[in-house]
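In case you want the letters, here they are:
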Amino acid sequence: MKNNYEILAPAGNYETFIVAISAGADAVYLGGQKFSARAKASNFSVDEIEKALNYAHLRNKRVFVTVNILIADKEMDEAMDFVKSLYDIGVDALILQDIGFAMRIKKELKDFELHASTQMTINNYYGAKFLENLGFSRVVLARETPLYELELIKEKTNLEIEVFIHGALCVSYSGQCLMSSMIGGKSGNRGECRGACRKSYELISKNGKSLSQRQYFLSPKDLNSLDTVKNLIDLGAYSLKIEGRLKNPEYVYQIVSTYKKVLDGELNKNDREEVMQIFNRGFTKGINNKDFGKNFISIDRPDNRGIEIGKVLEGKGNYYKVKFSRDIEVGDGLEFLGLKERFGQKSFKDFKKDKIYEININKKIKVPSVINRTFSIDLQKKLEKKINREDGFFLDLDLNMKIKKGEKAHLIGYCSGYTIDIYSKDFVEKSQNAPLSQEKIKDLLEKLGDTVFRIKNINIEMDEDSFLKTSQINQMRRELVSIFEKKLSAVDRNEREENLKKVPTYKKEDGKIFVEISSLSHLKLLNDENIKTILRYEDLAKIDLDKLNFKKVYIKLGKIYDSKELEQIRDNIKDKKIQGIFINNISQIEVLWDLGFSLHADIGLNIFNLSDLNFLKEIGFSSAVLSPELNLSQIKEIRENTDFNLSLIVYGKIPVMTMHHCPYALVKGCLDDSNCKNCAYTNYYLRDEKNVDFELIRRGHISEILNSYPIFLDKEMDDLKKLNISPYIISDEFLEDVYSHYKLGYNKEKTEKLKIKIKEKTHSLTKGHFHRGIL
């Protein structure tokens, strides 16, 4: 009988894969050498994946392969070839981010099981339902997804629900972070995140006043669900996912085996401590369990802190008196708090707990202070001992051997409900010298080596004085084992039908300039018929559309809403005089597709290739804002192969993080987000380690960090006009001048003056990825 849950473990290499299985994982997820969101992991060749599959399937375990990045057009065919090779060797399912790529797989490999990666930013029932209609069988929910949405998805869909239960967290909603990309050219959407969230920042007010000292305002604690995992299962979660494809085998074994203990009702205090000792940045139960502020963020440090195991009591010169609360072994990693920063060193001797020692350390230590152990030799030895033992898993094999003179020998095997018949190549003869014995035959049949099979029963029927070459008996045994391995490791595939709604026919529109209004004071500037005016949904309540003299007004939705908010949005806009809607999350398609408004894909959908555009066209979208991570050559290739209405952000500060977290909550000491609407600090700056400022805007319960410098494609406008790509302007106080620039055309003298004017406020401008692309 199938469990009502699955422990899903990470594996960055084959050694860790074996460890995950032996620790008790029901399934393992891993990545290939390309197209994986953990490019820094060792990852797997196709041959290694096949080897892992055989190992797992013989033990009734499953293997999922991550192809969870945005796919560039130039690599699309290679990515499809890779996916087809995974299909051929029997991979159980793919974990995908790129929606267009997923739909291409669905058309070419109809029965390949598809899982929607957390990179798709699915945080509510409607997003899950949309994916179910596309033929996905599982959704990996955003880590911030409210718990009541799990219940809705479980109740109203047939999808398997996968949730993260342990490990590192992204502060931004996955799939909605461009910070690493815009700062250093390494994109999380392409598996190359540089971890901007793990850097330190100062908080600066709008008028330049310091609001805090430099700390780690964006670095989340590690997720720990030891106390909540059973509730997640009760609410509808099936797959319990452990983060950690960059972690070592010991970490994976410790975490997997501990959660297995939790679910078996065997967890003890020592298990909890060992989970802390193996690695932790401090622990949180997560946004979905109402952790917020200091309960969610590790403000003082972004790295492993181990556990507290002692104190520095006093010091003189380089000599310090210390007392340990646990026994310490030679080689343990000890961390001390220096006068300027923490530092670590290995223990040079054994120390007994509760005794006071005087030690010589050639660095200044703060007195008094805490000593942490970041690495435990004892735990390492325990884990190595568990890892190195055989997994103890065997499949019972019953054998019947019939050897009759004048007939071919007949070997029958029974295992796991299968029956296999093997016949010898030659006929059994009468022995001339040394007849076969039952003992000899049994000895040959029991030579199963390091296979997963174990002989349970052997029954031998044979004539006296019979003879058959032992090589043939060995060959029969090997052939039988090989057939069993293939049968038992084969994957069952079931085609899932698509259930796309009827959608309006795609309509080609004349190119215009899109202007996203950031202040209602800009409305008076937008009487030009060449402008397509975009209003934020949150500003809709502040104006009367009937009094605006615009032919084309569009509403832009935010990236994150729950199901109730989406239903309210539908009710609020269904009778409004608007032209269209800019969509930033696929859940919004499911809710709003039938209202009759034109649909436009905004950057929240990460439109990165022709397959994405073909999908949008198929479901009735009118236009798409291309991903700001594309460069000019990629954009040209897209335009050469589609007539779809395209636009590109040519001016403005793009959002580089979208998150539930508010850094200023750490200064105020907020433990929840109940008072956000009354907070004065909904707009401030984060100053990074290079003294570059990033504006943060908090709207309701969501924060957006904007890029440090506005994109300004000035000379490049000629390229965009030739490509028939509509400019998209994110307005600020320079809107009138910027719009005039794009309307009238590039003028070197006027443009340079405008750039100087903007730089006086923003300090710099950027071309984004238009020329450089993602590194």
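The text that follows walks through the structure, step by step, so that each part is easy to find.

Rules of the game
- Residues take numbers from 1 onward in each chain, read along the sequence in its written order.
- Given that the model is predicted, a residue must reach a pLDDT of at least 70 before its local features are reported, and side-chain atom pairs must reach 80 or more before they are shown or counted; all residues, however, enter totals for whole chains, interfaces and linings.
- Each side-chain value is worked out from all heavy atoms of the structure, with water and hydrogens disregarded.
- Starting at the N terminus, helices and strands are each numbered in turn, a helix being any DSSP run of H or I of at least four residues and a strand any DSSP run of E of at least two.
- Exposure is judged per residue with a 1.4 Å probe applied to protein chains only, and the accessible area is read against the type maximum: over 50% gives exposed, under 20% gives buried, and values in between give partly exposed.
- In what follows, a contact means two residues having at least one pair of non-hydrogen atoms within 4.5 Å.
- Only the protein chains shown count as cover for residues, and all accessible areas are computed by the Shrake-Rupley method using a 1.4 Å probe.
- His residues and chain termini do not enter the charge count, which takes Lys and Arg as positive and Asp and Glu as negative.
- A charged residue contributes its charge at one atom only: NZ of Lys, CZ of Arg, CG of Asp or CD of Glu.
- Note: the arc covers the axis-to-C-beta directions of the helix.
- What qualifies as a polar contact is a pair of N or O atoms within 3.5 Å, subject to a donor-acceptor requirement within protein and to the restriction that residues adjacent in sequence count only when both atoms come from side chains.
- DSSP-based pairing: two strands are paired if at least 2 bridges between them are found.
- Axes here mean lines fitted to C-alpha atoms, for a helix over just the part in contact, with angles spanning 0 to 180 degrees between N-to-C directions.
- Residues with no salt bridge and a relative accessible area higher than 30% make up the patches, which join like charges within 9 Å and nonpolar side chains (Val, Leu, Ile, Met, Phe, Trp, Tyr) within 5 Å.
- The salt bridge definition used is simple: a Lys or Arg side-chain nitrogen within 4 Å of an Asp or Glu carboxyl oxygen.

### Notes on the overall build of the protein
Now for step 1: The secondary structure content of the protein amounts to 21 helices and 36 strands.
Now for step 2: Counting only C-alpha atoms and orienting by the principal axes, one finds that the protein spans roughly 105 × 80 × 45 Å.
Now for step 3: Residue burial in the protein is summarised as follows: out of 775 residues, 59% are buried.
Now for step 4: Considering only contacts in the protein between residues 6 or more positions apart, those separated by 24 or more positions represent 69%.
Now for step 5: Of the roughly 34,400 Å² of accessible surface on the protein, a fraction of 45% belongs to carbon and sulfur atoms.
Now for step 6: Between the averaged position of the 123 positive side-chain charges in the protein and that of its 114 negative side-chain charges there is a distance of 5 Å.

### Topic: helix α14 (residues 563–573)
Now for step 1: Regarding α14, the residues found buried are S563, L566, I569 and I573. Taken down its axis, α14 places every buried residue within 115° of arc, on the same side.
Now for step 2: Elements in contact with the buried residues of α14: α5 (125–134), α6 (147–156), β27 (580–583) and α15 (586–592).
Now for step 3: Where α14 begins, one side-chain oxygen reaches toward the backbone nitrogen of K564, 3.2 Å away; that side chain belongs to D562.

### A closer look at the sheet that holds strand β22 (residues 453–462)
Now for step 1: As summarised here, the arrangement of the four strands in space is β20-β19-β18-β22, forming an open sheet in which the pairing is mixed. Both edges of this open sheet fall to β20 (418–427) and β22, since each of them pairs with a single strand only. Here the average twist between neighbouring strands, direction ignored, is 15°.
Now for step 2: As paired strands, strand β19 (residues 408–415) and β20 are joined by seven bridges and run antiparallel to one another. Directly across from H410, in β20, lies its bridge partner Y423.
Now for step 3: Sitting on the sheet, helix α12 (residues 438–445) is in contact with β18 (395–403), β19 and β22, with an inclination near 150° to β22.
Now for step 4: Here helix α13 (residues 470–489) sits on the sheet in contact with β18, β19, β20 and β22, set at roughly 150° to β20.

### With respect to α12
The periodicity of an α-helix, 3.6 residues per turn, causes residues three or four places apart in sequence to face the same way.
Now for step 1: Those residues of α12 that sit buried are I441, L444 and L445. The buried residues of α12 occupy an angular sector of 95° when the element is viewed end-on, so they sit on one face.
Now for step 2: Considering only its buried residues, α12 is in contact with β18, β19, β22 and α13.

### Side note on the pairing of strand β36 (residues 725–730)
Now for step 1: Taking burial as the measure, the six residues of β36 include six buried ones, the bulk of the element.
Now for step 2: Strand direction decides the pairing type here: strand β24 (residues 513–516) and β36, joined by three bridges, are parallel. Residue pairing across strands places F514 opposite Y728, the latter belonging to β36.
Now for step 3: Taken together, the five bridges between strand β30 (residues 645–652) and β36 define a ladder with parallel strand orientation. Of the residues in β36, the one forming a bridge with Y651 is I729.

### What about a positive patch on the surface?
Now for step 1: A cluster of like positive charges, contributed by K40, R194, K199 and K690, occupies part of the molecular surface.
Now for step 2: Its location among the elements puts R194 in the loop between α7 (179–184) and β8 (202–204).

### Things to note about the pattern of salt bridges
Now for step 1: Applying the stated rule across the entire model yields 47 salt bridges.
Now for step 2: Its salt-bridge partner being K404, residue D463 comes within 3.7 Å of it at the nearest N-O pair. Within this pair, whereas D463 is found in the loop between β22 and β23 (466–467), its partner K404 is found in the loop between β18 and β19, the two being separated by 59 residues in sequence.
Now for step 3: You can call D463 partly exposed: its relative accessible area is 21%.
Now for step 4: Each of E516, R536, K556, D602, R699 and E704 takes part in a single network of salt bridges with overlapping partners.

### What to know about unusual backbone geometry
Now for step 1: Residue V367 is joined to P368 through a cis peptide bond whose omega torsion reads -10°.
Now for step 2: Residue position: P368 is located in the loop between β16 (356–360) and β17 (369–375).
Now for step 3: The backbone of K290 shows a phi angle near 75°, a positive value even though the residue is not glycine.
Now for step 4: Look at N691: it is not a glycine, yet its phi comes out positive at around 60°.

### Things to note about the side chain of Q176
Now for step 1: Inspection of the secondary structure puts Q176 in the loop between β7 (160–167) and α7.
Now for step 2: You can call Q176 buried: its relative accessible area is 4%.
Now for step 3: Polar contacts involving the side chain of Q176 include one to the side chain of T121, which spans 3.1 Å.
Now for step 4: Here K559 takes part through its side chain, which lies 3.4 Å from a polar atom of the side chain of Q176.

### Quick word on the sheet that holds β17
Now for step 1: With antiparallel pairing, six strands are arranged side by side in an open sheet as β15-β14-β17-β12-β13-β16. In this open sheet, the two edge strands, each paired with only one partner strand, are β15 (342–346) and β16. Between one strand axis and the next, the sheet turns through 35° on average, direction left out of account.
Now for step 2: Bridge count for strand β14 (residues 333–337) against β15 is five bridges, and the pairing is antiparallel. Looking across to β15, one finds that L334 is bridged to Q345.

### Observations concerning the environment of F324
Now for step 1: Within the fold, F324 resides in strand β13 (residues 319–324).
Now for step 2: Distance from F324 to K355, taken between C-alpha atoms, is 6.9 Å for residues 31 residues apart in sequence.
Now for step 3: Ignoring sequence-local partners within four residues, the contact set of F324 consists of I309, G310, L334, F351, K353, D354, K355, Y357 and I371.

### A closer look at the side chain of E144
Now for step 1: By the element assignment, E144 lies in the loop between β6 (138–140) and α6.
Now for step 2: One buried charge, E144, has no salt-bridge partner; the nearest side chain with opposite charge is R143, at 6.5 Å.
Now for step 3: Among residues more than four places away in sequence, those in contact with E144 are C170, V171, S172, Y173, I287 and N288.

### Digging into the pairing of β19
Both faces of the sheet carry side chains from a regular strand, because those side chains alternate between them.
Now for step 1: Taken across its eight residues, β19 has six buried, putting it largely inside the fold.
Now for step 2: As paired elements, β18 and β19 share five bridges and run antiparallel to each other. Its bridge partner lying in β19, N400 is registered against I412.
Now for step 3: Taking the residues between adjacent antiparallel strands as the criterion, β18 and β19 are bridged by four residues, where G406 takes a positive phi near 85°.
Now for step 4: In this structure, the hairpin formed by β19 and β20 is closed by a connection of two residues, where S416 is found at a positive phi of approximately 50°.

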